[in-house]
Amino acid sequence: MTLVVRQRGHKEERQEALRRYLRNNPFATDEELAAKFKVSVPTIRLDRLALGIPEVRERIMTMAREARSRMRGVTAEELVGELVELQPGVLGISILEITPQMLVQPAGVARGYHLFAQAHSLALATVGAEVVLTSSARVRYRRPVYAGERVVARAMVKVVKDSTCLVSVHSRVNGEIVFKGQYIIITPETAAGGGTA
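Treat the numbers as computed from the prediction; the structure is a model and nothing was measured.

Reading the values: rules and limits
Residues numbered from 1 in each chain as written. Predicted model: local features only at pLDDT ≥ 70, side-chain atom pairs only at ≥ 80, totals over all residues. Heavy atoms only, no water. Phe/Tyr/Trp six-rings, centres within 6.5 Å; stacked < 30°, edge-to-face > 60°. Helix = DSSP H or I, 4+ residues; strand = E, 2+ residues; numbered from the N terminus. Buried < 20%, exposed > 50% of the residue type's maximum accessible area, 1.4 Å probe, protein only. Contact = heavy atoms within 4.5 Å. Core = buried A, V, L, I, M, F, W, Y, C linked by side-chain atoms within 4.5 Å. Pairing = 2+ DSSP bridges.

J.: Outline the packing of aromatic side chains, supporting the account with residue identities and numerical values.
T.: Under the criterion given, the structure shown has 3 aromatic pairs. Relative to Phe179, the ring of Tyr141 has its centre 5.0 Å away and its plane inclined at 70°; by these criteria the two rings are edge-to-face. Within this pair, whereas Tyr141 is found in strand β5 (residues 133-141), its partner Phe179 is found in strand β8 (residues 176-186), the two being separated by 38 residues in sequence. The exposure class of Phe179 is buried, given its relative accessible area of 0%.

J.: How would you summarise the environment of Tyr146 if you had to cite specific residues and measurements?
T.: With respect to the helices and strands, the residue Tyr146 is situated in the loop between β5 and β6 (150-161). Its relative accessible area of 37% is what places Tyr146 among the partly exposed residues. The sequence separation of Tyr146 and Gly108 amounts to 38 residues, and the corresponding C-alpha distance is 6.4 Å. Once residues lying within four places of it in the same chain are set aside, the contact partners of Tyr146 are Ile98, Leu103, Gly108 and Val109.

J.: How would you explain the nonpolar core if you had to name every residue and give the values?
T.: Counting 31 residues, the largest nonpolar core has Ile98, Val145, Val151, Val167 and Val169 as its most contacted members. The element best represented in this core is helix α5 (residues 112-127), accounting for 7 residues. Counting 9 residues, the second-largest nonpolar core is a separate cluster that includes Leu18, Ala28, Ala34 and Leu51.

J.: Let's hear about the pairing of β8: which residues, and what values?
T.: Along any regular strand the residues' side chains alternate between the sheet's two faces. Taken together, the 8 bridges between β5 and β8 define a ladder with antiparallel strand orientation. Considered in β8, the bridge of Arg140 is made with Lys180. Both strand β7 (residues 164-173) and β8 contribute to a ladder of 10 bridges, which runs antiparallel. Each residue of the ladder has a partner; that of Val167, found in β8, is Tyr183. Linking β7 to β8, which pair antiparallel, is a turn of 2 residues; within it Asn174 sits at a positive phi near 50°.

Here you go:
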């Protein structure tokens, strides 16, 4: 009897820890969660079902629909990667799956312009204005990215002064920074007289 109670308590603790972890890491796959909690993938799936948490693809699609509804200044076609979170004027998050078509052959690494385009289009979307133009960009590639890797880019609006915004983007693969960018974005509509006559 004591063993059953102990196991039930352990399961409840794990499920609560899983709920907290997914709140901060909503893009974690079942395989990553199984490794994190040192249980099998079927156990993670059962825990998710018990908690009413959908699988990662469904979580991403739901977040993407909500984020796209708040997007201004950039169209869905211009955005590189899947927009999964957007708080205009504050932050944005997108995910880019690296496919074989994005690779430099025979090296097998992703072309840099894909990482740049993901970060740049996310920076523009994060500003949240109707008209956004890039004044300058400063970028650093930290390590090569390979096929099958998932790049999670996070943009933050750091400074807003008049019609100019400084947006910082960090792109990560499994928590490791692979790309950093700082973009100065101007919003001409603000400069052109957002006030009334």
